[in-house]
Amino acid sequence: MKMKLNLFSFLFTFTILSSHVLSISDLILTKVDRRIDLSTQIVRTTTTLKVENAGSDIVSEILLSFPENHAIHLAYLSATLNEGRGKAKPSSGVSLPYDEVVSPKDFPNSLKVYSVTLPKGLGKGDSLTLDVLAVFTHILQPFPEKITQADIQLLLFQESAHYLTPYPVKVQSLTVKLPDARIESYSKLENTKLQGSELKYGPYQNIPPFAYLPMVIHFENNQPFAVAKELVREIEISHWGNVQITEHYNLVHGGAESKGEFSRLDYQARPYVRGASAFRRLVAKLPPRAHSVYYRDEIGNISTSNLWGDSKKTQLEIEPRYPIFGGWKIAFTIGYGLPLQDFLFGIDGKRFLNISFGSPINELVIDTLIVKVVLPEGSKDISPSVPFPVKQRHETKFSHLDIAGRPVVVLEKNNAVPEHNEHFQVYYKFNRLSMLREPLMLIFGFFFLFVASIVYMHADLSISKTSASYLAKIQWEEVQATIHQVHTIISRCLTTHDKLEASLRDLSRTGDIQACKATRKSVDSSLKELTKELKSPVTFLQSSPQATQILPKVEEVIAKERDLQERLMAKHSTVVDCYEKKLGGREIENRVASHQQKITALRQEIDDLMDLIDEI
């Protein structure tokens, strides 16, 4: 098996260049405490740097360096001053400004450098403590890349046990947090300890600039690898008291790809063994007082979702129609309403929306996040304010009773993570009189409707009951009523078929063969009665000249329904026979595969014919 070791080739460059690197400043890192969290698909590296100025010049910036193969997956970077001691939280949560800079002349190749600007210069002998949070996506490599339903998911993580920095380091240590204590293998370097689910490297002392120590960890991680290839969030403001949120997800399992056949029987029997790497549910933390929550996909509403909350939070548990294995995709929509007064405010003659930017789903990686803020018609002087770089553009959306359309602010962000779920603002001006536009349109619309109704009531538009057109209309209504009767009987037949299918599911769950046979007998009796009921309406349609066009379709759907009955009975007999012979689940699936394929096709054909009959 070939292992990707891009980091090793990158670090090998340091062996050539590190002896030629010149000191870019007199800064010294007296202590580096690095913590890497690998418990989810998102890799979070928290580094505490104690920096000291050993030179005579005032230093106003600190350089942070990352390997290029990691930097391309850098989703979020934050640097804050820590005025406490040890691991105390910083006194201020305000991030220091930073910019990506061109690597200095003597820096190694394949390195990205960021310059963090200090709030005030660091003088000779002064020191400070800096907390750096770096969030990476898509750097955990599934190894192996493809697994079966019964396999666990193993990941490969490659890093340097030494902190890559252009400054000399006096003392440094590294702690790697893993999802659990199961580790396939890891680099056993000097001063390495494995304590439960934590792997510790160091401390290491007197480390020169750009020193490296290759480290590889191969470990188990069966957490949900939910990746949104695209998420479109539409936030629509109504000054009548509501903010409507609609989120369209195109989701994929970003872990090890699933290979081989999927057995739902095995999965339902042992979901945490025969589907350990799959995920069945996601949790979305909605804002407090969210209402009118819905969750649906292309088929329709999904009622298996759960919603609960209180005055401080609202939590939505999303359960797809099927478990999501590696490489599998799903598309769905979440929608909910929010009270306007919680998110819309006014300042200096302007109104502004203050709402969170990212997705409410926990630990979701978003490759492309598009946030659309739909403002009321008539809004002007629009200016968004986002705490991180995004692409911006403007659109226009037309809705009910709109004349000029509603202005839309479109914000786009690539490689978004939960750390981007910060509040942003959209400022705009709006004239209160514009709110009267739609009510006035409704008032005048109803007024003209009442006038038209009065004119219609006083007009004589009756048709003579002896005319040919009236008689044809009566005959066609009789045909329509008969077709509706046929449609109802066929629908009852399909419902009876579903009872037969349900008895097989009960058989697989309980093993009660006698109950299954009793259901079969009851279904036989019901289908015979329904067949008798069909004779009268079919005879009428055959004798009516008005039904000439639709009669062939009616006869075809009846024939296919009878064929479906035969297939279902054959499948039922086969399954019952297999259970009487005590055959296994895989053998049963193989025997009914041909029946099931034809049953599915016939059911679709019947549904299409029923829709066609309705249209005619």
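Here is what the cut-offs are and how they apply
- Per chain, residues are indexed from 1 in the order of the written sequence.
- Residues qualify for local features only when their pLDDT is at least 70, as the model is predicted, and side-chain atom pairs are given and counted only at 80 or more; totals for whole chains, interfaces and linings, by contrast, use all residues.
- Note that water and hydrogens are dropped before the side-chain values are worked out from all heavy atoms of the structure.
- Note on conventions: DSSP H or I runs of at least 4 residues are helices, E runs of at least 2 residues are strands, and numbering of each starts at the N terminus.
- Radius of gyration here is computed from C-alpha atoms only, and the compact-globule reference equals 2.2 Å multiplied by the residue count raised to the power 0.38.
- Each residue is assigned to one of three classes by its accessible area relative to the maximum for its type, calculated with a 1.4 Å probe on protein chains only: buried under 20%, partly exposed between the two thresholds, exposed over 50%.
- Two residues qualify as a contact provided that any one of their heavy atoms is within 4.5 Å of a heavy atom in the partner residue.
- Here a cavity denotes grid points, spaced 1 Å and computed from the protein atoms alone, that fit a 1.4 Å probe unable to get out, and a pocket denotes an open set having protein on both sides within 12 Å along at least 5 of 7 lines; residues with an atom within 4 Å of a point are the lining.
- Grid points are joined across faces, edges and corners, and a volume is the space filled by probe spheres set on the points.
- Each residue is assigned to one of three groups, with Ala, Val, Leu, Ile, Met, Phe, Trp, Tyr, Cys and Pro labelled nonpolar, Asp, Glu, Lys and Arg labelled charged, and all others, Gly among them, labelled polar.
- The salt bridge definition used is simple: a Lys or Arg side-chain nitrogen within 4 Å of an Asp or Glu carboxyl oxygen.
- One requirement defines pairing of two strands: DSSP has to find at least two bridges between them.
- For every element, the axis is a line fit to its C-alpha atoms; helices are fit only across the contacting stretch, and the angle between N-to-C directions ranges from 0 to 180 degrees.
- Any residue with relative accessible area above 30% and no salt bridge may belong to a patch, with like charges joined within 9 Å and the nonpolar Val, Leu, Ile, Met, Phe, Trp and Tyr side chains within 5 Å.
- For the accessible areas, the method is Shrake-Rupley and the probe is 1.4 Å, while residue cover comes only from the protein chains on display.
- When charges are counted, neither His nor the chain ends are considered; positive counts come from Lys and Arg and negative counts from Asp and Glu.
- Charged side chains are reduced to one point each, which is NZ for Lys, CZ for Arg, CG for Asp and CD for Glu.
- By nonpolar core is meant a set of buried Ala, Val, Leu, Ile, Met, Phe, Trp, Tyr and Cys residues that side-chain atoms within 4.5 Å join together.
- Working rule for angles: under 35 degrees goes down as roughly parallel, over 145 as roughly antiparallel, 65 to 115 as roughly perpendicular, anything else as oblique.
- Between the rings of Phe, Tyr and Trp (Trp by its six-membered ring), a pair exists once the centres lie within 6.5 Å; its type follows the angle of the planes, with under 30 degrees stacked, over 60 edge-to-face, and the other angles tilted.
- By the criterion adopted, a ring carries a charge over it if an Arg CZ or a Lys NZ lies within 6 Å of its centre and within 35 degrees of its normal.
- The disulfide criterion used throughout: a pair of cysteine sulfur atoms within 2.5 Å.
- The length a helix should cover is 1.5 Å for every residue beyond the first.
- For this analysis, a polar contact is any N or O atom pair within 3.5 Å, provided that within protein one partner can donate a hydrogen and the other can accept it, and provided that sequence-adjacent residues contribute only side-chain to side-chain pairs.

Structural notes on the overall build of the protein
Thought 1: In terms of helices and strands, the protein carries eight helices and 30 strands.
Thought 2: Taken over the C-alpha trace, the protein has a radius of gyration of 34 Å; the compact-globule value for 616 residues is 25 Å, which it surpasses by more than 25%.
Thought 3: Dimensions along the principal axes, computed over C-alpha positions, put the protein at roughly 110 × 75 × 40 Å.
Thought 4: Split into buried and exposed, the 616 residues of the protein put 43% on the buried side.
Thought 5: Sequence separation of 24 or more characterises 77% of the internal contacts of the protein that already satisfy a separation of 6 or more.

Here's the deal with the layout of surface pockets
Thought 1: As a volume, the largest pocket reaches approximately 1100 Å³.
Thought 2: Together, 21 residues line the largest pocket, and Leu265, Arg505, Ser508, Lys571 and Glu589 are the ones closest to its centre.
Thought 3: For the lining of the largest pocket, the secondary-structure elements that each account for two or more residues are α3 (264-269), α5 (468-510), α7 (551-580) and α8 (585-615).
Thought 4: Looking at the lining of the largest pocket residue by residue, the classes come out as ten nonpolar, five polar and six charged.

Notes on empty space enclosed by the protein
Thought 1: Taken as a whole, this structure holds two cavities of 30 Å³ or more when the rule is applied.
Thought 2: Within this model, the largest cavity holds a volume of roughly 190 Å³.
Thought 3: Secondary-structure elements contributing two or more residues to the lining of the largest cavity are β2 (43-53), β3 (59-67), β7 (127-136) and β10 (154-160).
Thought 4: Examining the composition of the lining of the largest cavity, we find that four residues originate from one element, β3, more than from any other.

Regarding the pattern of salt bridges
Thought 1: Evaluated as defined, the whole model comprises 32 salt bridges.
Thought 2: Here Glu533 makes a salt bridge to Arg492, at a shortest N to O gap of 3.1 Å. On the criterion of sequence distance, the pair formed by Glu533 in helix α6 (residues 513-543) and Arg492 in helix α5 is long-range, its members being 41 residues apart.
Thought 3: The exposure class of Glu533 is partly exposed, given its relative accessible area of 33%.

A word on the sheet that holds strand β6 (residues 111-122)
Thought 1: Read from one edge to the other, the open sheet built from three strands follows the order β3-β6-β5, with strand pairing classed as antiparallel. Each edge of the open sheet carries a strand with a single partner, namely β3 and β5 (98-101). Between one strand axis and the next, the sheet turns by 30° as a mean value, whatever way the strands run.
Thought 2: Pairing geometry for β5 and β6, over four bridges, is antiparallel. When the sheet's bridge partners are listed, Val101 is paired in β6 with Val113.

Focus on a negative patch on the surface
Thought 1: Negative charge collects at one region of the surface, where Asp608, Asp611, Asp614 and Glu615 lie side by side.
Thought 2: When you line up the elements, Asp608 lands in helix α8.

With respect to the sheet that holds strand β12 (residues 183-186)
By definition, the strands of a sheet pair up through backbone hydrogen bonds, in either a parallel or an antiparallel sense.
Thought 1: One open sheet holds the four strands; their spatial order is β8-β10-β15-β12, and the pairing between them is antiparallel. Edge positions in the open sheet fall to β8 (141-142) and β12, since each of these has one partner strand only.

Details of the environment of Ile42
Thought 1: Tracing the chain through its elements places Ile42 in the loop between β1 (27-37) and β2.
Thought 2: Residue classification places Ile42 among the buried residues on the basis of a relative accessible area of 0%.
Thought 3: Residues Ile42 and Phe448 lie 406 residues apart in sequence; the distance between their C-alpha atoms is 60 Å.
Thought 4: Setting aside residues no more than four positions away along its own chain, Ile42 makes contact with Asp37, Val135, Phe136, Glu363, Leu364, Val365, Val417 and Pro418.

Some remarks on unusual backbone geometry
Thought 1: The residue after Phe143, namely Pro144, is reached through a cis peptide bond having omega 10°.
Thought 2: Along the polypeptide, Pro144 turns up in the loop between β8 and β9 (146-147).
Thought 3: Along the chain, Gly202 connects to Pro203 via a cis peptide bond; the corresponding omega equals 10°.
Thought 4: With respect to the helices and strands, the residue Pro203 is situated in strand β14 (residues 198-207).
Thought 5: Unusually for a residue other than glycine, His138 sits at a positive phi of about 60°.
Thought 6: Tracing the backbone through its elements, the reader meets His138 in the loop between β7 and β8.
Thought 7: On the basis of relative accessibility, which here comes to 39%, the residue His138 falls in the partly exposed class.

So, the nonpolar core
Thought 1: Ranked by internal contacts, the top residues of the largest apolar core, which has 53 residues, are Leu38, Leu49, Leu130, Phe157 and Ile217.
Thought 2: Looking at this core, the element that brings in the most residues is β6, giving six residues.
Thought 3: Not counting chain neighbours up to four residues away, the residues in contact with Ile217 comprise Leu155, Leu156, Phe157, Val176, Leu178, Ile183, Ser185, Tyr186 and Leu199.
Thought 4: In this structure, Leu251, Ile330, Leu375 and Phe388 belong to the second largest nonpolar core, which totals 46 residues.

Quick look at the packing of α5 against α6
Thought 1: Running from N to C, α5 and α6 cross one another at 170°; their axes reach a closest spacing of 10 Å. Judged by the angle between their axes, α5 and α6 are roughly antiparallel.
Thought 2: Across the contact of α5 with α6, the residue classes tally to 18 nonpolar, seven polar and five charged.

Remarks on the packing of aromatic side chains
Thought 1: Applying the stated criterion across every chain, the model contains 16 aromatic pairs.
Thought 2: Consider the rings of Phe357 and Phe388, whose centres lie 5.2 Å apart with planes at 85°: the pair is edge-to-face. Here Phe357, found in the loop between β25 (350-356) and β26 (365-374), pairs with Phe388, found in the loop between β27 (380-385) and β28 (391-397); they are 31 residues apart in sequence, far enough to count as distant. Exposure class is identical for Phe357 and Phe388. Each is buried.
Thought 3: Taken together, the ring pairs connect Phe262, Tyr267, Tyr322, Phe325 and Trp328 into an aromatic cluster.
Thought 4: Across from the ring centre of Tyr186, 4.3 Å away, lies the NZ or CZ of Lys188, which sits over that ring.

Details of a nonpolar patch on the surface
Thought 1: A grouping of Leu401, Ile403, Met441, Leu442, Phe446, Leu449 and Phe450 is seen on the molecular surface, where their side chains present a nonpolar patch of about 660 Å² in accessible area.
Thought 2: Mapped onto the elements of the fold, Leu401 is located in the loop between β28 and β29 (406-416).

So, the state of the cysteines
Thought 1: Within the structure shown, the criterion is met by zero disulfides.
Thought 2: Cysteine Cys516 is unpaired, with the sulfur of Cys578 as its nearest cysteine sulfur at 12 Å.

Description of α5
Thought 1: Over its 43 residues, α5 extends 63 Å from the first C-alpha to the last, a length consistent with the 63 Å expected when each residue adds 1.5 Å.
Thought 2: Trailing α5 by a residue or two, Gly511 shows a phi angle of about 80°, which is positive.

Some details on the side chain of Ser78
Thought 1: Within the fold, Ser78 resides in strand β4 (residues 74-81).
Thought 2: On the basis of relative accessibility, which here comes to 9%, the residue Ser78 falls in the buried class.
Thought 3: Within polar-contact distance, the side chain of Ser78 engages the side chain of Ser95 at 2.8 Å.
Thought 4: In contact with Ser78, other than residues within four places in its own chain, are Ser95, Asp131, Val132 and Leu133.

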